[in-house]
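# Coordinate inspection notes
Take a look at the letters that make up each chain.
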Amino acid sequence: MTVEITSHEELRDLLGAPMPRAVAKERVVLHERDRQWLAASPFCLIATAGADGSCDVSPKGDPAGFAMVLDETTLAIPERPGNRRADGYRNILDNPHVGLLFLIPGRTDTLRINGRARLLRDAPYFDDMVVKGHRPILAIEVQVEQIFYHCSKAFLRSELWQPETWQPDVLPTRARLIKEVENTTESLADLERRYGPEYLKSLYAG
C-alpha cells in the first residue's frame, strides 16, 4: 500500500524534531572558514527554480577558488563555455532564489549557501576570473541569505570518495550514450572524436 505524506505536521511527526544544533547552525554572514572553504572548492551545484516551479540543478567547476568572495555577504560564480541551454540562468531571471552546494574532493561534509542571485554581463572583477585566457561573458552574483555546513552521512553512506567503489565503466562512453538516447544524426565515430582527447582542448573555448 502506498501512503503519501500530505502535510507539514505529518512530516514532522514522522521525522521528529531537528536537533537544536541543526537549527542553530544557520548563519547569514560568511565566516573566515567559509572563505577558506570556497578558496579550496573546485566544484559546486547550483539549484534554481522557474516561475512555474520547474527545477534545475547545474554543476559548475573550475580551478579551486573559482567562486569569488566579494564581501561578507556576496559571492560570484563565473560562466564557462557549455551547451548554451541556460536552464538555470533562465530560472534566475524568473525567480532569483538559488541553492549552492560546495564540495572539496575527499571531504565528506559540504558547504551550503542559499540566497538571491542576479546575472551580470560585466563587472570590474571579471578580469580576476580569467582562466586559460577565457574571461567570463557573464557571472552569477549571489547575495547570501543562509549559510551552514552539512554533515557527512550522505557521502559516507554512498562511499563516494572511496576509489575501490568506483565503476566508471559500468555504462557506455559519453559518445555512445548520446548516440543511443539522444536524437542525433552524428555518427558514433564523430561523437567519439568530439568527446575524446580533443574534448579537453574545448573546456574554455567560446
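Residues numbered from 1 in each chain as written. Predicted model: local features only at pLDDT ≥ 70, side-chain atom pairs only at ≥ 80, totals over all residues. Heavy atoms only, no water.

### Re the sheet that holds strand E2 (residues 55-61)
To keep things clear, this is the line we draw: Only when DSSP finds a minimum of two bridges between them are two strands counted as paired. A helix here means a DSSP run of H or I that spans at least four residues, while a strand means a run of E at least two residues long, and both kinds are numbered starting from the N terminus. Fitting a line to C-alpha atoms yields each axis, with helices limited to the stretch in contact; the angle taken between N-to-C directions then spans 0 to 180 degrees.
The 7 strands lie next to each other as E2-E1-E5-E6-E7-E4-E3, forming an open sheet whose pairing is antiparallel. Only two strands of the sheet have a single neighbouring strand rather than two, namely E2 and strand E3 (68-71). In this sheet, neighbouring strand axes are inclined to one another by 35° on average, regardless of whether the strands run parallel or antiparallel. As paired strands, strand E1 (residues 43-49) and E2 are joined by 7 bridges and run antiparallel to one another. Looking at E2, one finds that phenylalanine 43 is bridged to glycine 61.

### Things to note about unusual backbone geometry
Let me state the cut-off plainly: Type-normalised accessible area, obtained with a 1.4 Å probe on protein chains alone, sets the label of each residue: buried when under 20%, exposed when over 50%, and partly exposed for intermediate values.
Of note, arginine 84 is a non-glycine position whose phi angle comes to about 65°, a positive value. Mapping arginine 84 onto the fold places it in the loop between strand E4 (74-78) and helix H4 (87-94). The exposed category is assigned to arginine 84, whose relative accessible area is 72%. Backbone geometry places glutamate 159, a non-glycine residue, at a positive phi of 55°.

### Points about the pattern of salt bridges
Worth spelling out the cut-off: Any Lys or Arg side-chain nitrogen found within 4 Å of a carboxyl oxygen on Asp or Glu counts as a salt bridge.
Tallied over the full model, the rule gives 12 salt bridges. Here arginine 118 and glutamate 141 are joined by a salt bridge, their closest N and O atoms 2.8 Å apart. Within this pair, whereas arginine 118 is found in strand E6 (residues 110-120), its partner glutamate 141 is found in strand E7 (residues 139-150), the two being separated by 23 residues in sequence. When its relative accessible area of 48% is taken as the criterion, arginine 118 is described as partly exposed.

### Structural notes on the pairing of strand E5 (residues 97-103)
One face of the sheet, then the other: side chains in a regular strand alternate in exactly this way. For E5, a buried count of 5 out of 7 residues is recorded, marking the element as mostly surrounded by other parts of the structure. Both E5 and E6 contribute to a ladder of 6 bridges, which runs antiparallel. When the bridges of E6 are listed, leucine 100 appears paired with isoleucine 113. The turn joining E5 and E6, which pair antiparallel and follow one another in sequence, is formed by 6 residues; a positive phi near 90° is taken by glycine 106.

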